[in-house]
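Below are the chains, spelled out letter by letter.
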Amino acid sequence: MKAPFEIEWLGGVAEKHFRRLRPATAALPWGTLEPERYPARLVERARNTWTQIAISEYRAAMSFAEMLRLLLEVRAPLDLVGMAGDFVADEVSHVEIASRIAMELGGGVSIDIDTSAMLEPLSNEAHPLQRTNDRMLVTAIHETFSESNAIGTMRASRHPLLRSALEQIARDEARHTRIGWLYFDWATELIDDGERARLAGVALGCIEELATVWQARTSVAKEGVTSEGFLVEHVHELGFLDSESFVARSRACIARDIVPPLAERGIVVDATRLAGVLR
Ligand SMILES: [Fe+2]
Ligand SMILES: [Fe+2]
């Protein structure tokens, strides 16, 4: 059922325990964003973007939680399972960071979400190993994509809060990207050629879906001003990349950081369809 995306915080014992696990969030320079320095339209857009980021971090937490159960089900190595458990807490702390940034900009915008339908459903018919393969593959692709964009945005932003918040997120995402590749290295003996070919199709579908994100970005910047009339410097300060940098970075990430490591593990995506996506 759809309901507005809202974050609850219990405080007390729960907060104390969580802060002990992830102390860096509280140490970020909160209270330094001054929304009145930017055009109201841009602040509105940033509030929307940071609310969307909080939602996708929430989805990432769910994804790692589901992965955790699947890894236990297929009796994956214990240390790999432990990594997935740790990453749930990382993603929850990213939800907190993104929500607090939206609050500093004037509050999150109201977006309805259905938490029961946030993740792509895994087929109940499939063997547990196939379901795990699907979850690991999609996570490896999504985490690599978010790491690349978090790094790009972090480098572009000159604002102390946004820069340090993105630095923390990017550092965590860099660790998250590894779990999928480590899993496929471990599972290589368990996966046959037919399954690898099926996974190549799943990977391509996932890449095509990501492409719709960057293909929707059409704004062009000229002499430091975007086609919507915002200073590129302001766009970067508020924590998002200008469209040109975002599109270039996204394409490079797919071609350099996602397709080759998949191929190294025998998951070879169709070159013609891929060229169409990256065009
Ligand atoms: Fe994250
Ligand atoms: Fe992540």
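The structure presented is a predicted model; accordingly, all values stated were derived computationally and were not measured.

A. Layout of the coordination of the iron ion (ligand 2). The protein atoms that coordinate the iron ion (ligand 2) are E91 (OE), E143 (OE), E173 (OE) and H176 (ND1), at distances of 1.8 to 2.2 Å. In primary sequence terms, the donor set of the iron ion (ligand 2) follows E-x51-E-x29-E-x2-H. The iron ion (ligand 1) is placed at 3.3 Å from the iron ion (ligand 2), the two being bridged by E91. Placement of E143 in helix α4 (residues 128-156) and of E173 in helix α5 (residues 160-187) is noted, with a sequence separation of 30 residues between them. Of the residues examined, E143 reaches a relative accessible area of 5% and is grouped as buried. With relative accessibility at 2%, the residue E173 sits in the buried group.

B. Spatial organisation of the coordination of the iron ion (ligand 1). For the iron ion (ligand 1), the full set of protein donor atoms is E57 (OE), E91 (OE), H94 (ND1) and E173 (OE), and the range of their distances to it is 2.0 to 2.3 Å. Its 4 donor atoms give the iron ion (ligand 1) angles of 86 to 138° at the centre, a pattern that matches the irregular case. Mapped onto the polypeptide sequence, the residues donating to the iron ion (ligand 1) form the spacing pattern E-x33-E-x2-H-x78-E.

C. View of the environment of T32. Turning to its location among the elements, T32 is positioned in the loop between α1 (12-21) and α2 (40-73). Look at T32 and you get partly exposed, because its relative accessible area is 29%. Here the alpha-carbon distance between T32 and D90, two residues 58 residues apart in the chain, equals 23 Å. When neighbours within four sequence positions are excluded, T32 is seen to be in contact with E104, H159 and L161. Within the structure, T32 has its side chain in polar contact with the backbone oxygen of P29 (distance 2.8 Å).

D. Focus on the state of the cysteines. All chains considered together, the criterion is met by 0 disulfides. No disulfide involves C253; its nearest neighbouring cysteine sulfur is the one of C206, lying 11 Å away. Exposure remark for C253: the relative accessible area of 0% places this residue in the buried category.

E. Spatial organisation of helix α6 (residues 193-215). With 23 residues, α6 should reach 33 Å at 1.5 Å per residue; the first-to-last C-alpha distance of 32 Å fits that figure. Structurally, α6 contributes buried residues whose contacts are with α4, α5, α8 (243-264) and α9 (271-278). For α6, the N-terminal capping position is held by D192, with its side-chain oxygen 3.3 Å away from the main-chain nitrogen of G194.

F. Region of interest: the packing of aromatic side chains. If you walk through the whole model with that rule in mind, you get 6 aromatic pairs. Taken together, a centroid distance of 6.0 Å and an interplanar angle of 65° make the contact between W9 and F18 edge-to-face. The partly exposed category is assigned to W9, whose relative accessible area is 41%. Through a chain of ring-to-ring contacts, three or more aromatic side chains come together here, namely Y183, F184 and W186. Cation over ring: R100 sits above W30, and NZ or CZ is 4.3 Å from the ring centre.

G. The arrangement of the nonpolar core in detail. In this structure, L71 and I254 are the most contacted members of the largest nonpolar core, which totals 45 residues. Of all elements in the fold, only α2, α3 (78-104), α4, α5, α6, α8 and α9 reach the threshold of two or more residues within this core. Per-element accounting of this core gives the leading share, 9 residues, to α6. Counting 34 residues, the second largest nonpolar core, distinct from the first, contains L33, I151, L166 and I169.

H. Looking closely at the side chain of T144. Positionally, T144 belongs in helix α4. Owing to a relative accessible area of 4%, T144 belongs among the buried residues under this scheme. Among residues more than four places away in sequence, those in contact with T144 are T177, W181, C253, D257 and I258.

I. Layout of the packing of α4 against α8. Contact geometry of α4 with α8 gives a least axis separation of 10 Å together with a crossing angle of 140°. With respect to α8, the axis of α4 lies oblique. Seen from above, α4 lies across α8 with right-handed handedness. Seen from α4, the contacting residues are L137, I141, T144, F145, S148, N149, I151, G152 and R155; seen from α8, they are F246, R249, S250, C253, I254, D257, I258 and L262. Looking at the contact of α4 with α8 residue by residue, the classes come out as 9 nonpolar, 5 polar and 3 charged.

The rules behind the values
Residues numbered from 1 in each chain as written. Chains lettered and ligands numbered in written order. Predicted model: local features only at pLDDT ≥ 70, side-chain atom pairs only at ≥ 80, totals over all residues. Heavy atoms only, no water. Donors = N, O, S within 2.8 Å, 3.2 Å for Na, K, Ca; no water. Helix = DSSP H or I, 4+ residues; strand = E, 2+ residues; numbered from the N terminus. Buried < 20%, exposed > 50% of the residue type's maximum accessible area, 1.4 Å probe, protein only. Tetrahedral: all angles 85-135°; square planar, octahedral: opposite > 155°, others 65-115°. Contact = heavy atoms within 4.5 Å. Polar contact = N/O pair within 3.5 Å; in protein donor to acceptor, adjacent residues only side chain to side chain. Disulfide = S-S within 2.5 Å. Expected span 1.5 Å × (residues − 1). Phe/Tyr/Trp six-rings, centres within 6.5 Å; stacked < 30°, edge-to-face > 60°. Lys NZ or Arg CZ within 6 Å of the ring centre and 35° of its normal. Core = buried A, V, L, I, M, F, W, Y, C linked by side-chain atoms within 4.5 Å. Axes fitted to C-alpha atoms, helices over the stretch in contact; angles between N-to-C directions. Parallel < 35°, antiparallel > 145°, perpendicular 65-115°, else oblique. Left-handed = near helix turned anticlockwise from the far one by under 90°. Nonpolar A, V, L, I, M, F, W, Y, C, P; charged D, E, K, R; others polar.

Purely spatial values, then, with no claim about function.
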